[in-house]
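Summary of the model geometry
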Amino acid sequence: QNELAEEIEVFVRDRLSERGELTDWKRIEVAGEPALLLLEGRLDGAAVSVGVRNSGTEAKTSASIRMSGESVDGNNLDGLAVALSTLLAQRLIP
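What counts, and where the lines are drawn
- Residues numbered from 1 in each chain as written.
- Predicted model: local features only at pLDDT ≥ 70, side-chain atom pairs only at ≥ 80, totals over all residues.
- Heavy atoms only, no water.
- Axes fitted to C-alpha atoms, helices over the stretch in contact; angles between N-to-C directions.
- Helix = DSSP H or I, 4+ residues; strand = E, 2+ residues; numbered from the N terminus.
- Parallel < 35°, antiparallel > 145°, perpendicular 65-115°, else oblique.
- Left-handed = near helix turned anticlockwise from the far one by under 90°.
- Contact = heavy atoms within 4.5 Å.
- Expected span 1.5 Å × (residues − 1).
- Buried < 20%, exposed > 50% of the residue type's maximum accessible area, 1.4 Å probe, protein only.
- Arc of directions from axis to C-beta.
- Pairing = 2+ DSSP bridges.
- Polar contact = N/O pair within 3.5 Å; in protein donor to acceptor, adjacent residues only side chain to side chain.

In this section: the packing of helix H1 (residues 3–19) against helix H2 (residues 80–92). The interhelical angle for the contact between H1 and H2, taken along N-to-C directions, is 160 degrees, at an axis separation of 11 Å. Classified by the angle between their axes, H1 and H2 sit roughly antiparallel to one another. Along this stretch, H1 crosses H2, giving a crossing that reads as right-handed. Only Leu-80, Ala-83, Leu-84, Leu-87, Leu-88, Arg-91 and Leu-92 of H2 make contact with H1, whose side of the interface consists of Leu-4, Glu-7, Ile-8, Phe-11, Val-12, Arg-15, Leu-16 and Arg-19.

Next up, the structure:
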């Protein structure tokens with residue numbers, strides 16, 4: 001775990017918490033995937049996950065945000081993808 005991963009986790013957790021009740025929050029370690037930051041929890045009862053992966057072979061990082069469940073309200077994620085992309089660009093682009 002590095003400083004950027006910690007910063008991203010706190011950033012995402014704080015932004016989601018502003019949008020509703022965030023429960024069951026955890027960071028998932030995926031065997032064989034050291035460049036993957038996977039965060040999971042429940043936002044107002046709906047499953048939410050955020051993944052950030054550094055390519056390792058290219059100057060490329062991908063991020064995904066997913067929600068599923070009966071109580072899904074996509075409006076809860078408005079702006080989160082843009083804010084996360086902005087944070088990543090600030091930290092990763094020299």
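The terminal C-alpha atoms of H2 lie 18 Å apart, and with 13 residues this matches the ideal 18 Å at 1.5 Å per residue to within 8%. Every buried residue of H2 is accounted for by Leu-80, Leu-84, Leu-87 and Leu-88. Burial along H2 is one-sided: seen end-on, the buried residues are contained in an arc of 95 degrees. For H2, exposure combined with an orientation more than 90 degrees from the buried face picks out Val-82 and Gln-90.

The next point concerns the sheet that holds strand E3 (residues 46–54). Adjacent strands of a sheet pair through backbone hydrogen bonds, lying either parallel or antiparallel. Pairing in this open sheet of four strands is antiparallel, and the strands run E1-E2-E3-E4 from one edge to the other. If you trace the sheet from one side to the other, it starts and ends with strand E1 (22–28) and strand E4 (61–68), each paired once. The sheet shows a mean angle of 10 degrees between the axes of neighbouring strands, taken without regard to direction. Against the sheet, H1 makes contact with E1, strand E2 (36–43) and E3, and its axis sits at roughly 165 degrees relative to E1, the strand it touches most. The sheet contacts of H2 involve E3 and E4, and relative to E4 the element is tilted by about 160 degrees.

This part takes up the side chain of Arg-27. Its location among the elements puts Arg-27 in strand E1. Assessed through its relative accessible area of 18%, Arg-27 is described here as buried. At 3.3 Å, the side chain of Arg-27 forms a polar contact with the backbone oxygen of Ala-5. Among the polar contacts listed, one links the side chain of Arg-27 to the side chain of Glu-9, at a separation of 3.0 Å.

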